[in-house]
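Read off the chains here:
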Amino acid sequence: MTEIRDPIVFELFKNAIFSIADEMALTIVRTTYSGVLRDNMDFSTALTDGDGRLVAQGLTIPGHLGSIPTAINTVLERYGEGMADGDVFAMNDPFDGGMHLPDIYVFKPIYIGGERLAFGVTICHHTDVGGRVAGSNASDSTEIYQEGLRIPALKLYEKGQPNETLFSLIEKNVRVPLVVFGDLRAQLAACHIAETQFGEIVARYGPERVRELMSETIDYAERRTRAAISELPDGQVSFEDWIDDDGVDFGKPIRLFVTLTKKGDTMTADWTGTSPQVKGAINGTLCWVKAASYCAIKSVLPIDIPNNEGVFKPIEVIAPEGTIANAVLPAAVAARGLTGFRMVDCMFGALAMLLPDKVLAAGDGGNTGITIGGYRADRSPFIYVDFTAGAWGGRPWTDGLEGNSNMLSNMCSHSVEITELEQPIQILSYDFITDKAGAGKFRGGVPFRRIYRFLEEEAVLQVRSDRRTHRPYGLYGGYPGKPSLNVLNPDTDNELLPSKLTRNIKKDDIFYHELAGAGGWGDPLERDPSRVLRDVRNEFVSIEGARIDYGVVIDAEPLAVNMAATEDLRAELRVGRGWSETPKVLWEDPKINK
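Quantities reported herein were computed from a predicted structural model and do not represent experimental measurements.

Within the chain one finds 13 helices and 24 strands. Computed over C-alpha atoms, the radius of gyration of the chain comes to 25 Å, within 12% of the 25 Å expected from 2.2 N^0.38 for 594 residues, which places it in the range of a compact globule. Projected onto its principal axes, the C-alpha positions of the chain cover 80 × 65 × 45 Å. Burial status across the chain gives 61% buried among its 594 residues. The contacts of the chain with a sequence gap of at least 6 include a subset with a gap of at least 24, amounting to 72%. Accessible area for the chain stands at about 22,000 Å²; split by element, carbon and sulfur atoms hold 51% of it.

In C-alpha cells:
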C-alpha cells in the first residue's frame, strides 16, 4: 500500500474526487425522466482509475457497492487497450458482471493527453427493458429470457459517434423508449460531468500525481477498514433467516444462511448452506451478495471510511454457484432486490451475536416493489414503478427509523402528488400503522400502509414483498415486527393476496398494502413509560397495545401513565413470560402464562 506523501494535498484531492461522484448523482436527479430515478433515486455513480479500480462512489445506493468493479472488469476484459477517446460502453447482463436487466451500466473512459486515466460510471434502474411484463421486474418469471433485453458489454458510442444499431435495438424492445432514452441521456450527462471535472483536477495536479493520489485514496480506505475491523472481537458466528417463498412455489420457505468469521483485520462472509437457486425471479448474482455483505459490515465501521475498492479488500465473500446467492443460467433475477435486503438482515443477525451494542434488529424486509403497467385508451403505454421505503429495526441505543428504506437501497418513496399527476393512479391512503412495530426497550420502526386506486381500464399489477410468514426478528428480548399484508378491494371482495404476485387489475380496483413492522431491540418491559405514552399520542401504539406489549397502563382521560398499575402489570408479565434469560433472537411474540 502506498503511503500518503502530503496529508493536506491528499485530503483536498479525496474530497474533490468524491465531489465529482456526488455531482454526477445530482446531474442524474436533475435531468432524468423517470420517477424511479428522480423520486426513488435507484441509481449510483462512481469514478474509477484507468484500470477500473473503484476510487469514489457517490452518495447513492450501497447495493451497487459490489457491482461496479465486477461490471467494469467485464468491459476491460472484452475491449482492453482497444478502447479509444470518445467511446462509451453499456451493459446489463447479470451473468456477465451485471445484477438484473433493468440496471443498465454506462461507462465512459476518460482520456487526458491520449492516456486513459479514469472512467466515469453510472448505473440506473430503468423503467422498462422489455420482457413478458411491463417494468421487467416480475417476481414470477422463471428464466432470464422472460425478463427483457439482455445487453452484453457493447459500445454505445464509438469515438464520439452513437451506435445506431444498439440504440435502435433498445428502442424496439422497450415499452417506453422516450423515458428509457431520457434516462440514458441523464447517465451520459453525468459521465460528461465526470470527464470535465476530472480534467480540471488533472490540470491542477498533473497525470502522474493524480494516478498516485487515486491509489492513495484506495489504500487509505483499506488501511482504515483493516484498522476498524481489527478493533472488533475475533470469532465465528452463524445466522439463519427465511424468505417466505419465491412467488412460484407458494408457501415453500427459502433458507438464507451465513457464517461470519472475524480474524485479525479481515472478515469472511460465507453463504454456504443458503438455498439452491429457485424457480422465481428472486435469485441473486455474486456481485449482489457481495454488496449486501459489504453494506452490513461497513455499517458497523466508522462512517467516514471512503466508499471505494479499498473497503472490499479485507472482506471475503463466499457464495457457492447454483445457490440463490450466486445463481447461474438460466436463473431469473429481476426481483433479486428482495434477496439482497433479506441478506442484509441475515448479516445483521450474525453481527449482532458478535457486536450486540452496535447492530439493529431486522427491518421491514426490504422495499416492497410495486409496478402497475398497461395502455391507455389511445394505446400509449404507462408504467408506474415504486419501491416503498419503510422501517429500520430497533437499535441498541434508540428506536428504529420510520420512512427509511432498507440500508442496502437508500431510496426514497414516490411523492403522492407526482404519482397522481403522471400515472392513472390515485393514492387513497399513506399513513403509519398502529401496533405494527416490534415492541422493545427500543421499538422497531413503524411501517406504513399505501392504498392505490387504479383509474385506467386495465393493467398488470406486480408486487414483490415478503415477511408475511417469517416476521422481522427482534434482538435481545425485543419482539418481532408484525407481518406484511396485501389485499385487493378490501371494502368489497377483500381478497387476500400472496406476498409476491403478478395479476390483471381493472378500473377502480383498489390495492391495499401494509409493510411489515420492524423488529424491536431489548425487553419491552424495560421501555421508559414516557416513551410509550408518546407513541400512544402519535398513534404508533394503542392504549391496549401499550398494556399488552409494554406492560404500561395508560389512563384515557386525560392520557397519562398510571405508574402504580404499570409496575404491577410489568411484574405480572415478567412472571408470565417465564424467561430464565433474555432471548437473543425472537421470531414470534412470547407466550404469557396467566
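Moving on to helix α3 (residues 67-79). The terminal C-alpha atoms of α3 lie 19 Å apart, and with 13 residues this matches the ideal 18 Å at 1.5 Å per residue to within 8%. Considered for burial, the residues of α3 that qualify are S67, I68, P69, A71, I72, T74, V75 and L76. Looking one or two residues past α3, G80 carries a phi angle of roughly 45°, positive in sign.

On inspection of all chains with the given rule, the structure shows 16 aromatic pairs. An aromatic cluster is built from Y157, F167 and F181, whose rings are joined through pairwise contacts. Above the ring of Y430, the side-chain terminus of R450 is found at 4.3 Å from the ring centroid. We note R577 situated over the ring of W579; from NZ or CZ to the ring centre the distance is 3.7 Å.

Turning our eyes to something else, we now look at the nonpolar core. Core analysis: the biggest nonpolar cluster contains 81 residues, and F107, L260, W271, F348 and L351 have the highest contact counts within it. Beyond its immediate chain neighbours, meaning those up to four positions away, F107 contacts A71, I72, V75, D87, V88, F89, M91, F119, G120 and V121.

Where strand β3 (residues 88-91) and strand β6 (residues 154-158) come together, three bridges link them in antiparallel fashion. Bridged to A90 within β6 is L154. Counting the residues that bridge the hairpin from β6 to strand β7 (residues 161-162) gives two residues, and of these K159 lies at a positive phi of roughly 50°.

Now for the state of the cysteines. Scanning the model with the defined rule gives zero disulfides in all. Among the cysteines around C191, which has no disulfide bond, C124 carries the closest sulfur, lying 9.1 Å off. Between C346, a free cysteine, and C295, which holds the nearest cysteine sulfur, the sulfur-to-sulfur gap is 14 Å. C346 sits in the buried class, given a relative accessible area of 0%.

Another aspect to go through is the sheet that holds strand β13 (residues 381-388). One open sheet holds the four strands; their spatial order is β13-β12-β16-β20, and the pairing between them is antiparallel. Every other strand in the sheet has two partners, leaving β13 and β20 (500-506) as the edge strands with one partner each. Neighbour to neighbour, the strand axes of the sheet diverge by 15° on average, direction disregarded. The pairing of strand β12 (residues 368-375) with strand β16 (residues 458-464) spans five bridges and is classified as antiparallel. Pairing of I372 across the sheet is with L461, part of β16.

Moving on: unusual backbone geometry. A cis amide bond links L329 to the next residue, P330, at an omega of 5°. Within the element layout of this structure, P330 appears in the loop between β11 (315-318) and α9 (337-354). Omega for the peptide link from E557 to P558 comes to -10°, which places this bond in the cis form. Tracing the sequence through the fold places P558 in the loop between β22 (554-555) and β23 (560-561).

A few words on the packing of helix α1 (residues 7-31) against helix α5 (residues 177-205). Interhelical geometry of α1 versus α5 gives an angle of 160° and a closest axis separation of 8 Å. Compared by their axis directions, α1 and α5 come out roughly antiparallel. In the packing of α1 onto α5, the handedness of the crossing is right-handed. Side by side, α1 and α5 meet where V9, L12, F13, A16, I17, I20, E23, M24, T27, I28 and T31 of the first sit next to G182, A186, A189, A190, C191, I193, A194, Q197, F198, I201 and Y205 of the second.

The subject of this paragraph is α9. Between its first and last C-alpha atoms α9 spans 26 Å; for 18 residues at 1.5 Å apiece the expected length is 26 Å, and the two agree. Summarising burial for α9: 17 of the 18 residues are buried, a large majority.

Turning our attention to the pattern of salt bridges. This structure, assessed with the given rule, holds 47 salt bridges. In this structure, the salt-bridge partner of D589 is R471, at a minimum N-O distance of 3.2 Å. On the criterion of sequence distance, the pair formed by D589 in the segment after β24 (585-586) and R471 in the loop between β16 and β17 (474-475) is long-range, its members being 118 residues apart. Residue classification places D589 among the partly exposed residues on the basis of a relative accessible area of 33%. Given the relative accessible area of 11%, R471 is considered buried. Ionic contacts of the salt-bridge type, sharing partners, join the residues D241, D245, R342, D345, D466, R467 and K500 into one network.

A few words on the side chain of Q462. Here Q462 lies in strand β16. Residue classification places Q462 among the buried residues on the basis of a relative accessible area of 3%. Polar side-chain contacts of Q462 include one of 3.0 Å to the backbone nitrogen of A138. Setting aside its immediate chain neighbours within four residues, Q462 contacts V133, A134, N137, A138, G369, I370, T371, L501 and T502.

Our next topic: the sheet that holds β11. With respect to topology, four strands assemble into an open sheet ordered β8-β9-β10-β11, the strand pairing being mixed. Strands at the two margins of the open sheet, each flanked by one partner only, are β8 (235-243) and β11. Between one strand axis and the next, the sheet turns by 15° as a mean value, whatever way the strands run. In this structure, strand β9 (residues 254-263) lies alongside strand β10 (residues 266-270), joined through five bridges in antiparallel fashion. From the neighbouring strand, T261 faces β10, where its bridge partner is T268. Packed on one face of the sheet, helix α6 (residues 207-230) meets β9, β10 and β11 and runs near 80° to β10. Seen against the sheet, α9 touches β8, β9 and β10 and runs at an angle of roughly 145° to β8.

Analysis parameters
Residues numbered from 1 in each chain as written. Predicted model: local features only at pLDDT ≥ 70, side-chain atom pairs only at ≥ 80, totals over all residues. Heavy atoms only, no water. Helix = DSSP H or I, 4+ residues; strand = E, 2+ residues; numbered from the N terminus. Rg over C-alpha atoms; globule rule 2.2 N^0.38 Å. Buried < 20%, exposed > 50% of the residue type's maximum accessible area, 1.4 Å probe, protein only. Contact = heavy atoms within 4.5 Å. Areas by Shrake-Rupley, 256 points an atom, 1.4 Å probe, with all protein chains shown as cover. Expected span 1.5 Å × (residues − 1). Phe/Tyr/Trp six-rings, centres within 6.5 Å; stacked < 30°, edge-to-face > 60°. Lys NZ or Arg CZ within 6 Å of the ring centre and 35° of its normal. Core = buried A, V, L, I, M, F, W, Y, C linked by side-chain atoms within 4.5 Å. Pairing = 2+ DSSP bridges. Disulfide = S-S within 2.5 Å. Axes fitted to C-alpha atoms, helices over the stretch in contact; angles between N-to-C directions. Parallel < 35°, antiparallel > 145°, perpendicular 65-115°, else oblique. Left-handed = near helix turned anticlockwise from the far one by under 90°. Salt bridge = Lys/Arg side-chain N within 4 Å of Asp/Glu carboxyl O. Polar contact = N/O pair within 3.5 Å; in protein donor to acceptor, adjacent residues only side chain to side chain.

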